[in-house]
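# Descriptive structure summary
So the chains spell out like this:
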Amino acid sequence: MCAGLNEKTKDFLKLGDARDYAYLNSSGCIKIDGMDDKEEFEDVEAALTNLGFGDDERTSMLKISAAVLHLGNVIFESIEGESGHVSKIADSSSNGLSIISSLLGVDVNDLKRVLIQRQITLRGETMSVELSKEKAEHGRDAFAKKIYGFLNIFLTYINWKYFKIIKIFIFL
């Protein structure tokens, strides 16, 4: 995606080079010899078009994928809180949070809260619990995985629906 998008779309999604993203760069392998990422991305775009995905749907898929990449770069710090060491989102992640909230269409303060707190309901009473740095990092990664998983579920549903229609036409 980082290598295949045109500059206008990359700018819209606030994307840079693949090396800039923790989720892509963790293995240290960004480029595979003999593989043209731009060409591969163009093939995916063509396939989505051929399957009937409109501009809005493709843009939504790109926004979700870009949000996941940005989410992996959110950094947490450990600070002393009322209940011991708790997490705080690093000031260097403020711009990234704004980008993520814009891409996902959520309020930036709600996003912050979800990343550093958990809501617990006991006997009908709901309370917020501040997370440690480590738990916030695990929560961030689980959140990113869940968002990306929803995108895969959506694509699987469309794929199933599309091939079900083809199967009906074949047997008619």
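The sections below set out a description of the structure shown in this document. Remember, predicted model here, so these are calculated numbers, not experimental data. (Residues numbered from 1 in each chain as written. Predicted model: local features only at pLDDT ≥ 70, side-chain atom pairs only at ≥ 80, totals over all residues. Heavy atoms only, no water.)

### A look at unusual backbone geometry
With a phi angle near 60 degrees, K14 is a residue other than glycine that sits in the positive phi range. Along the chain, the position of K14 falls in the loop between α1 (7-13) and α2 (22-25). Notably, R123 is not glycine yet its phi reads approximately 50 degrees, a positive angle. Structurally, R123 can be placed in the loop between β3 (117-122) and β4 (125-130). We classify R123 as exposed; its relative accessible area is 89%. (Helix = DSSP H or I, 4+ residues; strand = E, 2+ residues; numbered from the N terminus. Buried < 20%, exposed > 50% of the residue type's maximum accessible area, 1.4 Å probe, protein only.)

### Observations concerning a negative patch on the surface
There is a patch of like negative charges on the surface, built from D36, E39, E40 and D43. You can call D43 partly exposed: its relative accessible area is 44%. (Patch = residues over 30% accessible without salt bridge, like charges linked within 9 Å, V, L, I, M, F, W, Y side chains within 5 Å. Areas by Shrake-Rupley, 256 points an atom, 1.4 Å probe, with all protein chains shown as cover. Salt bridge = Lys/Arg side-chain N within 4 Å of Asp/Glu carboxyl O. Lys, Arg positive; Asp, Glu negative; His and termini not counted. Charge placed at Lys NZ, Arg CZ, Asp CG, Glu CD.)

### Remarks on the nonpolar core
Counting residues in hydrophobic clusters, the biggest one holds 26 residues, and the most contacted among them are L13, L15, L71, V74 and L115. Within the residue set of this core, elements represented by two or more residues are α4 (55-71), α5 (94-104), α6 (108-116) and α7 (133-171). In terms of residue count, α4 provides more of this core than any other element does, six residues in total. F53, M61, L151 and I158 belong to the second-largest nonpolar core, a separate cluster that totals five residues. (Core = buried A, V, L, I, M, F, W, Y, C linked by side-chain atoms within 4.5 Å.)

### Looking at the packing of α5 against α6
Running from amino to carboxyl end, α5 crosses α6 at an angle of 110 degrees, the nearest separation of the two axes being 9 Å. Judged on the interaxial angle alone, α6 and α5 are roughly perpendicular. The two elements α5 and α6 cross, and the hand of that crossing is right-handed. Each of L97, S98, I100 and S101 in α5 lies in contact with α6, whose residues at this interface are V108, L111, K112 and L115. Class assignment of the residues belonging to the contact of α5 with α6 gives a composition of five nonpolar, two polar and one charged. (Axes fitted to C-alpha atoms, helices over the stretch in contact; angles between N-to-C directions. Parallel < 35°, antiparallel > 145°, perpendicular 65-115°, else oblique. Left-handed = near helix turned anticlockwise from the far one by under 90°. Contact = heavy atoms within 4.5 Å. Nonpolar A, V, L, I, M, F, W, Y, C, P; charged D, E, K, R; others polar.)

### Points about the packing of α4 against α5
One can describe the packing of α4 onto α5 by two numbers: an axis separation of 9 Å at closest approach and a directional angle of 160 degrees. The pairing of α4 with α5 is recorded here as roughly antiparallel in orientation. Judged by the sense of rotation from one axis to the other, the crossing of α4 with α5 is left-handed. Along the contact surface, α4 presents K63, A66, A67, H70 and L71, while α5 presents I99, I100, L103 and L104. A per-class count over the contact of α4 with α5 returns seven nonpolar, one polar and one charged.

### A closer look at the environment of F12
Checked against the element boundaries, F12 lands in helix α1. Along the backbone, F12 and S27 are 15 residues apart, and their C-alpha atoms lie at a distance of 27 Å. Excluding its chain neighbours within four sequence positions, the residues that come into contact with F12 are T59 and K63.

### Some points on the side chain of R58
Inspection of the secondary structure assignment puts R58 in helix α4. For R58, a relative accessible area of 14% corresponds to the buried category. Dropping the residues within four chain positions of it, R58 is found in contact with E45, L48, T49 and F53.

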